[in-house]
Amino acid sequence: MAGPARLITLNLGSQTIGLAEFRAAAGGLVLVDYRLRETPLDPETGQRRDAEVALHETAAVLREMMREMQIHHASVNYAVPSQSVFARFVKLPALDATKIDKIIAFEAQQNVPFPIDEVVWDYQLVGGGLEEQIQVVIVAIKRDLLDGINNAVEETGLRARIVGMASMGLYNTFRYSYPDIGDCSLLLDVGARTTNILFIEPTRFFLRSIPLGGSAITAAIAREFNESCFKNRAQYHDASACRIDAVRHALPRTTAGKSSGPDLSLRRRRRHAVHARVLSREISVAD
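Residues numbered from 1 in each chain as written. Predicted model: local features only at pLDDT ≥ 70, side-chain atom pairs only at ≥ 80, totals over all residues. Heavy atoms only, no water.

**Quick word on the pairing of strand β1 (residues 6-12)**
Defined as follows: Strand pairing requires that DSSP identify at least two bridges connecting the strands. Helix numbers and strand numbers start at the N terminus; a helix is a DSSP run of H or I with at least 4 residues, a strand a run of E with at least 2.
Direction of pairing for β1 relative to strand β2 (residues 16-25): antiparallel, over a ladder of seven bridges. Within β2, the residue paired with L12 across the bridge is I17. One ladder, built from four bridges, connects β1 with strand β4 (residues 74-80); its direction is parallel. Each residue of the ladder has a partner; that of T9, found in β4, is N77.

Structural data, given as structure tokens:
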């Protein structure tokens with residue numbers, strides 16, 4: 001079934017919110033409008049406030065962006081930060097397609113470190129098939145955490161259609177936009193709290209999330225200058241220019257060894273449609 005002509009997307013970062021409107025045109029998507037806002041920070045710590053206050057502020061900022069873009073009531077696809085989601089790779093022997101769901105449900109119970117009825121979980125096949133070993137990535141988010149986020153989004157008048165992870169969206173976008181790249185590619189996503197490093201090859205990918213982001217680097221620079229926080233936006237963004245060097249120096253240490261928590265692609269082609277299955281919500285969007 002074809003998706004809506006108007007597509008609203010939302011990226012809920014730990015310190016930044018992005019809202020965009022796309023329209024379907026000539027078999028693709030056209031960006032119509034977008035807004036980007038930094039959410040309020042605690043002036044003493046330079047971090048987001050407690051979860052309840054942060055969700056209230058998120059809803060307030062989102063309403064303001066919706067007014068500017070003249071969005072009232074609409075369906076939305078939104079992404080949550082990767083640090084909010086647990087992810088685990090598992091390998092399975094070659095299986096009959098009719099048995100995959102049942103086997104992976106068992107693996108989810110074994111690998112998700114929470115009672116399975118307290119999470120919303122899903123999976124994606126990311127490698128193998130036919131007679132080959134199957135590689136699966138299982139993702140889960142605490143149900144109460146997702147409910148809180150979803151309530152904040154939907155109280156603005158939006159209605160959730162797909163919920164996903166930001167790093168997954170980056171991976172999917174790369175795969176869909178550059179299907180013919182045959183070499184290994186590196187994507188680097190520096191967030192406020194977490195940096196996601198994605199190595200993508202034609203038949204597999206690797207992702208490492210490290211607990212080092214822009215806010216930690218900014219805080220370190222603030223301590224160096226003996227300031228509790230940056231007094232103005234210019235100071236903050238001048239410091240932000242130093243973050244890339246810090247991440248670059250961290251790469252040789254953080255990418256060594258196996259990944260303990262890779263994220264995933266949850267987008268795959270089925271016949272003539274792009275199929276997205278994320279956290280038990282799924283749609284099909286015509287190519």
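Further notes follow.
**Focus: unusual backbone geometry**
The phi torsion at Q70 lies on the positive side, around 55°, for a residue other than glycine. Within the element layout of this structure, Q70 appears in the loop between α1 (51-69) and β4.

**Considerations on helix α5 (residues 214-224)**
Basically, it comes down to this: Any residue under 20% of the maximum accessible area for its type is buried, any over 50% is exposed, and the rest in between are partly exposed; the area is computed with a 1.4 Å probe on protein chains only. Working note: the arc is built from the helix axis to C-beta atom directions.
Among all positions in α5, only G214, S215, I217, T218, I221 and A222 are buried. End-on, the buried residues of α5 take up no more than an arc of 160°, which puts them together on one face. The exposed residues of α5 that point more than 90 degrees off its buried face are R223 and E224. Immediately downstream of α5, the backbone of N226 shows phi near 60°, a positive value.

**A closer look at the packing of α1 against helix α3 (residues 143-154)**
Under the convention used in this document: Angles here are taken between N-to-C directions and fall from 0 to 180 degrees, while the axes themselves are lines fitted to C-alpha atoms, restricted in helices to the stretch in contact. What sets the label is the angle itself: under 35 degrees gives roughly parallel, over 145 gives roughly antiparallel, 65 to 115 gives roughly perpendicular, and the rest give oblique. Less than a right angle of anticlockwise turn of the near helix away from the far helix marks a crossing as left-handed, whereas a clockwise turn marks it as right-handed. It only takes one pair of heavy atoms within 4.5 Å for two residues to be counted as in contact.
It is the contact of α1 with α3, at a shortest axis distance of 8 Å, that shows an interaxial angle of 30°. Considered as vectors, α1 and α3 are oriented roughly parallel to each other. Between α1 and α3 the crossing geometry is right-handed. Of the residues in α3, those in contact with L55, A59 and L62 of α1 are G148, I149, A152 and V153.

**Things to note about the pairing of strand β9 (residues 185-190)**
When β9 meets strand β10 (residues 195-201), the two strands line up antiparallel, connected through six bridges. Among the inter-strand pairings, V190 is bridged to a residue of β10, identified as T195. Between the antiparallel neighbours β9 and β10 lie four residues.

**What to know about the nonpolar core**
The criterion, for reference: Take the buried residues of types Ala, Val, Leu, Ile, Met, Phe, Trp, Tyr and Cys, join any two whose side-chain atoms come within 4.5 Å, and each joined set is a nonpolar core.
Of all hydrophobic cores here, the largest spans 37 residues; its most connected members are L10, L19, I71, Y78 and L158. The biggest single contributor to this core is α1, with five residues. Setting aside anything within four residues of it in sequence, one finds L19 in contact with I8, T9, L10, D33, Y34, R35, L62, M65, M66, M69 and I71. Judged by nonpolar contacts, the second largest core, of 13 residues, contains V90, A108, V112 and V136.

**Looking at the sheet that holds strand β11 (residues 204-210)**
Strand order across the open sheet formed by three strands is β9-β10-β11, with antiparallel pairing between neighbours. Where the open sheet ends on each side, the last strands, each with one partner, are β9 and β11. Direction aside, the axes of adjacent strands within the sheet are offset by 15° on average. Strands in contact with helix α4 (residues 166-177) are β9, β10 and β11; relative to β10, the strand with the most contacts, it is inclined by about 30°.

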